[in-house]
Structure formats: structure tokens, C-alpha cells
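Each chain, letter by letter, is given below.
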Amino acid sequence: DPGRVGVLLDGIPFDDPVTGRPAYELLPYDKLISLERRGIVRGRPEGMNSGLSDYLSARPVTEMVYRSTSTGLQQVSVVHAQTRAAGAGRIQYLFGYAGAGARGEYDGSKLSRKRQLLLRVQRVGRLFSWEIGEMFNRHRVGAQGGVQPFAGFEYSSIYQRLGAAVKGADARRQLARNDLWVTTRLPALGTSLKTFWTSSTLTYR
């Protein structure tokens with residue numbers, strides 16, 4: 001049950017604030033250092049915890065990933081990070097982009113646009129560290145109401161791809177979300193404070 005699962009990205013709730021469901025599709029998968037199952041998250045009995053990679057390296061880091069499948073998926077992800085010495089610590093600038101599209105397995109399930117932008121600046125020091133980040137997501141996808149069983153056949157006929165019909169094949173759903181966060185850390189004391197702001201708009205037609 002999606003209502004029983006909570007998702008966190010570096011401590012930021014990644015549940016849809018409109019419907020409450022976990023927004024797995026908005027996580028920056030190619031830029032995560034971890035994705036693990038947890039116990040109770042924000043009062044929900046099941047949870048997933050994820051964290052962004054720090055990309056801290058003496059040399060600039062650039063990663064590009066491209067995927068395609070026989071079902072029409074095309075996906076690209078890019079990240080570039082530069083870390084430089086700054087006083088007694090290091091400062092890093094990171095830029096990430098991801099985009100995807102897919103025709104979908106059934107009518108009314110086409111992923112027509114998926115875009116993600118990630119910006120982050122962090123300073124890492126022995127006594128004091130801080131981080132400012134922003135991530136924007138736009139996800140536009142078909143929102144058909146489910147596959148209908150073939151007339152005169154059992155319910156399991158919904159798994160027959162050829163000739164399948166769906167309810168509401170023209171329905172569309174778009175989710176636009178922006179997350180902004182500021183984190184301060186005192187490594188010597190093992191403490192940190194994160195403040196975040198989330199704006200999310202769900203449009204259904």
C-alpha cells in the first residue's frame with residue numbers, strides 16, 4: 001500500500017504532498033550513493049532512505065549515462081562536480097541533469113517528458129560544513145485508469161498485451177516539484193541541522 005511507505009532523500013520527505021504516495025520516480029537514481037530499506041519513516045510502518053553521493057574528489061568528476069530499451073525507453077543522466085581547496089577545507093560545485101521518455105507498455109501510459117535539474121554547493125571543513133542544494137523535477141505521463149479484462153475472459157487476461165484496452169487512455173498527469181535545502185554540520189560534535197522547502201504541483205487532465 002503506497003500510503004504505508006515513506007521515502008527520504010537525505011532527510012527530505014519524498015512523498016507526494018498531494019496524494020501521499022512515495023515519489024520514487026523523482027529520485028535522482030544515478031546520483032545516489034545509497035538506497036536502503038528502513039523501518040518507521042514519518043509515522044509510516046515502512047520506509048526507504050536514500051542519499052546523494054558527495055562526489056568529493058581532487059579531480060573534476062563527470063559522469064554520463066545513457067539507456068535505451070526495446071520498449072521505447074530513452075534515458076540520459078549527466079553530472080559534473082568540481083572540488084577545490086578553500087582555506088582549511090574544500091568547496092564543491094555540482095550540476096546534474098536527467099531526462100527520459102518512453103512510449104509505455106499500454107495505451108495511455110506514455111512518458112512524454114521527464115526532466116530533472118540538480119544544483120549543489122557544499123563546503124566541507126574539519127570544524128564546520130555547510131551545503132546549499134536545489135532540485136527541480138517535471139514528470140509528465142499518461143494516467144490511464146487500468147487495463148480492462150477481455151470480454152468473456154478471466155481477470156488474468158489483463159496481462160495479455162496484444163489487443164489490450166485501458167480505461168481513460170487520454171488521461172494525462174504532470175507532477176512539477178522543486179526542493180530547496182540548506183544544511184549545516186559540526187563534524188566534531190556529530191551534529192547537523194537541515195532546513196528545506198518543497199513546492200509541488202500535481203495536474204491531472
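Above this text you will find the structure in question.
Just so it is clear, the model here is predicted, and its values are computed rather than measured.

Rules used throughout
Residues numbered from 1 in each chain as written. Predicted model: local features only at pLDDT ≥ 70, side-chain atom pairs only at ≥ 80, totals over all residues. Heavy atoms only, no water. Core = buried A, V, L, I, M, F, W, Y, C linked by side-chain atoms within 4.5 Å. Buried < 20%, exposed > 50% of the residue type's maximum accessible area, 1.4 Å probe, protein only. Helix = DSSP H or I, 4+ residues; strand = E, 2+ residues; numbered from the N terminus. Polar contact = N/O pair within 3.5 Å; in protein donor to acceptor, adjacent residues only side chain to side chain. Contact = heavy atoms within 4.5 Å. Salt bridge = Lys/Arg side-chain N within 4 Å of Asp/Glu carboxyl O. Phe/Tyr/Trp six-rings, centres within 6.5 Å; stacked < 30°, edge-to-face > 60°. Lys NZ or Arg CZ within 6 Å of the ring centre and 35° of its normal.

## Focus on the nonpolar core
The biggest cluster of nonpolar side chains holds 19 residues, and the ones touching the most others in it are Leu9 and Phe14. Contributing elements (two or more residues each) for this core: strand 1 (5–9), strand 6 (74–86) and strand 12 (172–186). In terms of residue count, strand 1 provides more of this core than any other element does, 3 residues in total.

## Notes on the side chain of Ser50
The topology assignment puts Ser50 in strand 4 (residues 46–52). A polar contact is formed between the side chain of Ser50 and the backbone oxygen of Leu8, at a distance of 2.8 Å. Once you skip the residues sitting within four places of it in the chain, Ser50 turns out to touch Leu8, Leu9, Asp10, Leu27, Leu32, Ser34 and Leu35.

## Description of the pattern of salt bridges
Counted by the stated rule, this structure contains 6 salt bridges. Residue Arg37 is joined to Glu46 by a salt bridge in which the shortest nitrogen-to-oxygen separation is 3.0 Å. The class of Glu46 is partly exposed, set by a relative accessible area of 28%. A salt bridge links Arg177 to Asp179; its shortest N-O distance comes to 2.8 Å.

## Concerning the packing of aromatic side chains
The full count for this structure, using the stated rule, is 1 aromatic pair. Ring geometry for Phe150 against Phe153: centres 6.3 Å apart, planes inclined by 75°, an arrangement best described as edge-to-face. Lying across the ring of Phe14, Arg177 places its NZ or CZ 4.2 Å from the centre.

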